[in-house]
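Letter by letter, the chains look like this.
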Amino acid sequence: MSFSAIDPQSGLLKPIQWFIEHNIRAGICSVCGDAIGVRADKTVRTSAHFAHERGSSCPTVTGNRTRYENMGASQYDDEQAKFLRNAVSEHIYEIFINFQALTEGGKIQEFRDALSKADELRIWRYLGLTIPFVPYILVTLVEQFNKKDSVFRKDDFFFILPSEIRAYDHLWIRANIKKKVIKMSTKLHVLDEFTIRESLTPVLHPAWFDNSLASLTKLDS
Ligand SMILES: [Zn+2]
């Protein structure tokens, strides 16, 4: 259930109230780009919201998120799995630091749970997977990050992949798909987008860190 959409005329993101006031019945989903319709604005029990067509694969649709667990890859390599998992252990601190930046103060327990899920799904055998992708994949395996678990979080949120992705390896094999993860609030507002970087280092800075030190980092020489 979404409460904002892109106005097809202007290309700007507008709240549902704006659509109702202008009597516009459909907008564009800011995540998947599909048309979404205004629903339930005349009923009392449900507040007005936007809805996708039935069968939409948009990751904002409830229930579509768990599809990441079943998504897999188009090709597997068990040999790669062995050395990649070892490489993950060697770079575990760098992976954690990136995970923490993406998740605004992710706890070691959240990281541990995500890593166990990755082990369970055996993501290490996804052909072509490399270390820099690992923290970004780990965050998509967590159902939800809760505001109450970190002082740096302003919302409850979760991560989704670009909606065109049908298998994890599309992230690195499909040139026409943006290599990124999207941070969505549980109210389905896009909070942030992170382009997947080619290397774990230099380490990704959390936004709160850069914001809080912005005034200190510029030194005249
Ligand atoms: Zn959508």
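Quick caveat, the model's predicted, so the values are computed rather than measured.

**As for the sheet that holds strand S6 (residues 157-160)**
On the basis of which strands lie adjacent, the open sheet formed by 3 strands has the order S6-S7-S8 and antiparallel pairing. The sheet is open, and its two borders are formed by S6 and strand S8 (190-195), each paired with just one other strand. Between one strand axis and the next, the sheet turns through 20 degrees on average, direction left out of account. Direction of pairing for strand S7 (residues 180-185) relative to S8: antiparallel, over a ladder of 5 bridges. Opposite Val181, over in S8, you have Phe194 as the bridge partner.

**With respect to helix H5 (residues 108-121)**
Over its 14 residues, H5 runs 20 Å from end to end, which matches the ideal 20 Å to within 8%, given 1.5 Å per residue. Among all positions of H5, only Glu110, Phe111 and Ala114 are buried. One face of H5 carries all of its buried residues, which in axial projection span an arc of 100 degrees. Turned more than 90 degrees off the buried face of H5, the exposed positions are Ile108, Gln109, Arg112, Ser116, Asp119 and Glu120. As for H5, its buried residues are in contact with helix H4 (92-102) and helix H6 (134-140). Backbone geometry just downstream of H5 places Arg122 in the positive-phi region, at approximately 55 degrees.

**Describing the domain arrangement of the protein chain**
Looking at the protein chain, the domain boundaries give domain 1 (4-51) and domain 2 (67-213). Between the C-alpha centres of domain 1 and domain 2 there is a distance of 30 Å. Of the residues in the side of domain 1 that touches domain 2, the class split is 2 nonpolar, 2 polar and no charged.

**Section: the nonpolar core**
Ile137 and Val139 are the most contacted members of the largest nonpolar core, which has 34 residues in total. When contributions to this core are tallied by element, the ones reaching two or more residues are helix H1 (16-21), H4, H5, H6, S6 and S7. Here the element with the most residues in this core is H6; it accounts for 5 residues. Residue contributions to this core reach at least three from each of two domains, namely domain 1 (4-51) and domain 2 (67-213).

**Some remarks on the environment of Thr103**
With respect to the helices, strands and loops of the structure, Thr103 is situated in the loop between H4 and H5. Sequence spacing of Thr103 and Leu121 is 18 residues, and the spatial spacing of their C-alpha atoms is 21 Å. If near-sequence neighbours (up to four positions away) are discounted, Thr103 is found in contact with Glu110, Val139 and Phe145.

Reading the values: rules and limits
- Residues numbered from 1 in each chain as written.
- Predicted model: local features only at pLDDT ≥ 70, side-chain atom pairs only at ≥ 80, totals over all residues.
- Pairing = 2+ DSSP bridges.
- Helix = DSSP H or I, 4+ residues; strand = E, 2+ residues; numbered from the N terminus.
- Axes fitted to C-alpha atoms, helices over the stretch in contact; angles between N-to-C directions.
- Expected span 1.5 Å × (residues − 1).
- Buried ≥ 20, exposed ≤ 12 C-beta atoms within 10 Å, placed from the backbone.
- Arc of directions from axis to C-beta.
- Contact = placed C-beta atoms within 7 Å.
- Domains from an automatic or database assignment.
- Nonpolar A, V, L, I, M, F, W, Y, C, P; charged D, E, K, R; others polar.
- Core = buried A, V, L, I, M, F, W, Y, C linked by C-beta atoms within 7 Å.

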